Amino acid sequence: MAFIQDIFSIFNKRNIPFIESFQESEGVYTFRFEKSDDVTWKAGQHGLFTITHQKIKGHTRPFTIASAPEEDVIQITMKISDDPSEFKKAMLSLKKGDTIKMAGPVGSFYLKEDSPTMLIAGGIGITPFRSIIQQIEVEGNNNKQIQLIYLDSSKSFVFQDELDQFAKETSVKVTYIHERDHLNKELDKCICSYSNDGHFFVAGPKSMVETTTTYLQKQKVPKRHIKKDVMFGY
Ligand SMILES: Cc1cc2nc3c(=O)[nH]c(=O)nc-3n(C[C@H](O)[C@H](O)[C@H](O)COP(=O)(O)OP(=O)(O)OC[C@H]3O[C@@H](n4cnc5c(N)ncnc54)[C@H](O)[C@@H]3O)c2cc1C
């Protein structure tokens, strides 16, 4: 069903006017665009973004919408290296008033159940969880049993101030770790305390998502309780 919705959604294209961009941390940039009233998404979903203000090869990339639907902007946050792709060079050259195209939203990476949930981010995989936790804060539903584990080996945790604030204002528990071994220990604790009821959302680069889901399955977490958001290209 979600797949069929995605097919329709992908034809839903619109121009979104650029507002501003800024650097979040070393090599990570946020871009904000105007959100009209007819645009919405489920926190955690992504869009397909196309460069239109310049002619480039490879003009479309998927990006998670890092803002919550209740915020009045469309925000995407991405890694940009010292030697960026043409797409990312074009993003950095955006000026106020330029537009890019957004298709979607698409994907099923959003909370459906009220069961205890562990959100596991590897590096830039934090983007869907910023949206999800911001949405929980806006809805004022503070009874959800949600834990975010944010793994970043370089310890440059994007959105850290915001996440700490969300943790104060909601029931969401946030843990920052920089070593892979610590992640398995945190997963073990949750598997133990959630029993068979827990759901696990894993987002990040392919290798991180694969090793984490393999570990969860080895610990007998049912496949249907694991959702993955693989950010190709890293
Ligand atoms: C659902 C989804 C959500 C995403 N959200 C974010 C986000 O919030 N922030 C963020 O920074 N990035 C996100 N990404 C990754 C993003 O779409 C780009 O792939 C990434 O930023 C690299 O783009 P680039 O222009 O720097 O490099 P590119 O020029 O695209 O390529 C980098 C390398 O990745 C390979 N590659 C590219 N696409 C694919 C693919 N589909 N399958 C296999 N290999 C591939 C290329 O061959 C190349 O070796 C997301 C990806 C997906 C699928």
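Cut-offs used in this document
Residues numbered from 1 in each chain as written. Predicted model: local features only at pLDDT ≥ 70, side-chain atom pairs only at ≥ 80, totals over all residues. Heavy atoms only, no water. Helix = DSSP H or I, 4+ residues; strand = E, 2+ residues; numbered from the N terminus. Rg over C-alpha atoms; globule rule 2.2 N^0.38 Å. Buried < 20%, exposed > 50% of the residue type's maximum accessible area, 1.4 Å probe, protein only. Contact = heavy atoms within 4.5 Å. Areas by Shrake-Rupley, 256 points an atom, 1.4 Å probe, with all protein chains shown as cover. Lys, Arg positive; Asp, Glu negative; His and termini not counted. Charge placed at Lys NZ, Arg CZ, Asp CG, Glu CD. Phe/Tyr/Trp six-rings, centres within 6.5 Å; stacked < 30°, edge-to-face > 60°. Lys NZ or Arg CZ within 6 Å of the ring centre and 35° of its normal. Polar contact = N/O pair within 3.5 Å; in protein donor to acceptor, adjacent residues only side chain to side chain. UniProt positions renumbered as here; feature names shortened; annotations may be inferred. Patch = residues over 30% accessible without salt bridge, like charges linked within 9 Å, V, L, I, M, F, W, Y side chains within 5 Å. Salt bridge = Lys/Arg side-chain N within 4 Å of Asp/Glu carboxyl O. Core = buried A, V, L, I, M, F, W, Y, C linked by side-chain atoms within 4.5 Å.

A.B. asks: So what's going on with the overall build of the chain? Which residues, and what values?
C.D. replies: Broken down by element type, the chain carries six helices and eleven strands. Here the chain has a C-alpha radius of gyration of 17 Å; the compact-globule value for 234 residues is 17 Å, and the two agree. Judged by the C-alpha coordinates and their principal axes, the chain covers about 50 × 35 × 35 Å. Across the 234 residues in the chain, those meeting the buried criterion constitute 49%. Taking all contacts inside the chain whose residues are at least 6 apart in sequence as the whole, residues at least 24 apart take part in 75%. About 11900 Å² of surface is accessible on the chain, with carbon and sulfur atoms providing 49% of the total. The average position of the 30 basic charges and that of the 30 acidic charges among the side chains of the chain differ by 7 Å.

A.B. asks: I'd like a rundown of the packing of aromatic side chains, residues and numbers included.
C.D. replies: Under the criterion given, the structure shown has eight aromatic pairs. Measuring from ring centre to ring centre gives 5.2 Å for Phe109 and Phe201, while their planes differ by 65 degrees; the resulting arrangement is edge-to-face. Here Phe201 lies in strand β10 (residues 199–204) and Phe109 lies in the loop between β6 (99–106) and β7 (117–122), a separation of 92 residues in the sequence. As far as the burial class goes, Phe109 and Phe201 line up, both buried. Just above the ring of Phe159 sits the side chain of Arg130; from NZ or CZ to the centre is 5.7 Å.

A.B. asks: Go over the side chain of His225, please, and point to the residues and values.
C.D. replies: Tracing the backbone shows His225 in the loop between α6 (206–218) and β11 (226–230). What makes His225 buried here is its relative accessible area of 10%. Side-chain polar atoms of His225 contact the backbone oxygen of Gly198, separated by 2.9 Å. The contact partners of His225, leaving out residues within four places of it in the chain, are Asn196, Asp197, Gly198, His199 and Phe200.

A.B. asks: Can you lay out the UniProt feature "domain: FAD-binding FR-type" (unreviewed entry) in the chain for me, pointing to particular residues and giving the numbers?
C.D. replies: Mapped onto this structure's residue numbering, the UniProt feature "domain: FAD-binding FR-type" (unreviewed entry) falls at residues 11–112. Split by type, residues 11–112 is 7% helix and 45% strand. Its first and last C-alpha atoms lie 24 Å apart.

A.B. asks: Can you lay out a nonpolar patch on the surface for me, pointing to particular residues and giving the numbers?
C.D. replies: There is a patch of nonpolar side chains on the surface, built from Phe3, Ile4, Ile7, Phe8 and Phe11 and spanning about 630 Å² of accessible area. In this structure, Phe11 sits in the loop between α1 (2–10) and β1 (13–25). Judged by its relative accessible area of 65%, Phe11 is exposed.

A.B. asks: For the nonpolar core, give the residues involved together with the corresponding values.
C.D. replies: Counting residues in hydrophobic clusters, the biggest one holds 24 residues, and the most contacted among them are Leu119, Ile126, Phe129, Ile133, Leu148, Tyr150 and Leu163. Sorting the residues of this core by element identifies β7, α3 (127–139), β8 (146–151), α4 (160–169) and β10 as the ones contributing at least two each. Ranked by the residues each element gives to this core, the list is headed by α3, at four residues. For Leu119, the contacting residues outside a window of four places in its chain are Leu111, Phe129, Ile132, Ile133, Ile146, Gln147, Leu148, Ile149 and Phe201. Core analysis: the second largest hydrophobic core is formed by 21 residues, Phe49, Ile51, Phe87 and Ala90 among them.

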